[in-house]
Amino acid sequence: MSAVSSNLLFGMGNPLLDISAVVDKDFLDKYSLKPNDQILAEDKHKALFDELVKKFKVEYHAGGATQNSIKIAQWMIQEPHNVGTFFGCIGKDKFGEILKQKAEAAHVDAHYYEQDEEPTGTCAACITGDNRLAIKRRVVKCVNDKCLIILFPSPRSLIANLAAANCYKKEKHLDLEENWELVEKAKVYYIAGFFLTVSLESILKVAKHASEKNKLFCMNLSAPFICQFFKDNLMQVMPYIDVLFGNETEATAFAQKQDFETKDIKEIAKKAQALPKVNTKRQRIVVFTQGKDETIMALSDKIETFPVLKIDPKDIVDTNGAGDAFVGGFLSGLVQEKPLDQCVRAAHYSANVIIQRAGCTFPEKPDFK
């Protein structure tokens, strides 16, 4: 296992300040929100974020897919701090200041491009339930003082306002000497597919650097719409990708747009692994998760499968951060140059912990051996 030092892991993406609160039905109705829904904010939602903070008790966390994964990797590694570097764009506002504080508290070395044209990106998690863990208990039957209690996750309505996250500029941030030095310092790079909609030129600059220096460049399919509507951007980056992550839904969408003519996830992984690659010193690794089903990894002409950790359904609180946590655990292993099966173990552990909590949050220290 390799010794770990600061800034060895580099991430770049859409930083969002996660704001979660237990709200009432009137609040949902006011902003036309539905329980268990995920939407992008429209003009009618702009006042929602300030009202949420003023009216309810809120919790703040540094969020956004890539930042979540970097945060989880740092949590898994623990020491030293600032193993992970993160670049993204925020606004010069109070939410931006809170985001900086939360990133620092998570021991992530965040270097944000700050601009004043758009406010800091936010994601509101409006929970309609009985407690902060977003779990409702319902007594369905009592006999002789013994009650059957069923646990239901409380509905969560997620509203994302990307705002400043969409405003990242390569020439105004990534190209600056002091920032590029941090890129050069890293040996593992991770960017979620969502960033393909923001700054393809930034991704390509980092990806080409990693390829030229024989470092690890990792990417995530992130969502079916990335595979469907940003195919050209994705395929410009694909030749530089050393580790490709995704889930079964994203893999299927990717295969469809690539004319793979199969819905078999193992076959899709093999075909994705075999796509052209610039750095031939490294074989591409493709890792596809399938929820509660086995994780699939394609390497060379070999397919390996890994069972996920078993969990009682009643212990599942929130699955929204599972994918980000899986990647974060995997990255923590890559940074420490652990074998791939150990990287998968760390990934499964991280995801298992996160789905038992509200949001992409975690206890003080991992219990991973």
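Residues numbered from 1 in each chain as written. Predicted model: local features only at pLDDT ≥ 70, side-chain atom pairs only at ≥ 80, totals over all residues. Heavy atoms only, no water.

Engineer: Whenever I open this one, the overall build of the protein chain confuses me. Can you help?
Structural biologist: Check the secondary structure of the protein chain and you find 13 helices and 16 strands. Here the C-alpha atoms of the protein chain give a radius of gyration of 20 Å, agreeing with the 21 Å that 2.2 N^0.38 yields for 369 residues. Looking at the protein chain residue by residue over its 369 residues, the buried ones come to 53%. Long-range pairs, those at least 24 residues apart, make up 74% of the contacts in the protein chain between residues at least 6 apart in sequence. Accessible surface, the protein chain as shown: approximately 17,200 Å² in total, 49% of it carbon and sulfur. Once the 48 positive and 49 negative side-chain charges of the protein chain are each reduced to a mean point, those two points are 4 Å apart. (Helix = DSSP H or I, 4+ residues; strand = E, 2+ residues; numbered from the N terminus. Rg over C-alpha atoms; globule rule 2.2 N^0.38 Å. Buried < 20%, exposed > 50% of the residue type's maximum accessible area, 1.4 Å probe, protein only. Contact = heavy atoms within 4.5 Å. Areas by Shrake-Rupley, 256 points an atom, 1.4 Å probe, with all protein chains shown as cover. Lys, Arg positive; Asp, Glu negative; His and termini not counted. Charge placed at Lys NZ, Arg CZ, Asp CG, Glu CD.)

Engineer: How should I be thinking about the environment of Ser-211 in this particular structure?
Structural biologist: Summarising the element assignment, Ser-211 is placed in helix 7 (residues 200-212). Ser-211 sits in the buried class, given a relative accessible area of 12%. A sequence separation of 43 residues divides Ser-211 from Phe-254, and the C-alpha atoms of the two residues are 23 Å apart. When sequence neighbours within four positions are dropped, the list of residues in contact with Ser-211 reads Tyr-240, Val-278 and Asn-279.

Engineer: I tried to follow the packing of aromatic side chains on my own but got confused; where do I start?
Structural biologist: What characterises a pair of aromatic rings is the spacing of the ring centres plus the angle enclosed by the ring planes. As enumerated under the stated definition, the model contains 18 aromatic pairs in all. Between Phe-194 and Phe-225, the ring centres sit 6.2 Å apart and the planes meet at 35 degrees, which makes this aromatic pair tilted. With Phe-194 in the loop between strand 11 (188-192) and helix 7 and Phe-225 in helix 8 (residues 224-229), this residue pair connects regions lying 31 residues apart in the sequence. With a relative accessible area of 35%, Phe-225 lands in the partly exposed category. (Phe/Tyr/Trp six-rings, centres within 6.5 Å; stacked < 30°, edge-to-face > 60°.)

Engineer: Is there a simple way to think about the sheet that holds strand 5 (residues 84-91) in this case?
Structural biologist: Sheet strands pair by backbone hydrogen bonding; their relative direction is either parallel or antiparallel. Across the sheet, which stays open at both edges, the nine strands sit in the order 6-5-1-11-12-13-14-15-16 with mixed pairing between neighbours. The open sheet terminates on both sides in strands that have one partner only, identified here as strand 6 (109-115) and strand 16 (302-306). Averaged over neighbouring strand pairs, the angle between their axes works out to 20 degrees when direction is ignored. The pairing of strand 15 (residues 293-299) with strand 16 spans five bridges and is classified as antiparallel. Residue pairing across strands places Ala-298 opposite Ile-303, the latter belonging to strand 16. (Pairing = 2+ DSSP bridges. Axes fitted to C-alpha atoms, helices over the stretch in contact; angles between N-to-C directions.)

Engineer: Please explain a negative patch on the surface as it appears in this structure.
Structural biologist: A contiguous patch of negative charge, built from Glu-177, Glu-178, Glu-181 and Glu-184, is present on the exposed surface. Counting through the fold element by element, Glu-181 comes out in helix 6 (residues 177-185). Looking at Glu-181, the relative accessible area reads 45%, which means it is partly exposed. (Patch = residues over 30% accessible without salt bridge, like charges linked within 9 Å, V, L, I, M, F, W, Y side chains within 5 Å. Salt bridge = Lys/Arg side-chain N within 4 Å of Asp/Glu carboxyl O.)

Engineer: Before we go on, may I ask you to explain the packing of helix 10 (residues 248-257) against helix 11 (residues 265-273) in this structure?
Structural biologist: Following both chains from N to C, one finds helix 10 and helix 11 inclined at 60 degrees, their axes separated by 10 Å at the closest point. On the basis of their axis angle, the class for helix 10 and helix 11 is oblique. Note that helix 10 runs across helix 11; the crossing there is left-handed. Residues Glu-248, Ala-251, Thr-252, Phe-254 and Ala-255 of helix 10 form the contact with helix 11, whose own contacting residues are Ile-265, Ile-268 and Ala-272. Residues of the contact of helix 10 with helix 11, tallied by class, amount to six nonpolar, one polar and one charged. (Parallel < 35°, antiparallel > 145°, perpendicular 65-115°, else oblique. Left-handed = near helix turned anticlockwise from the far one by under 90°. Nonpolar A, V, L, I, M, F, W, Y, C, P; charged D, E, K, R; others polar.)

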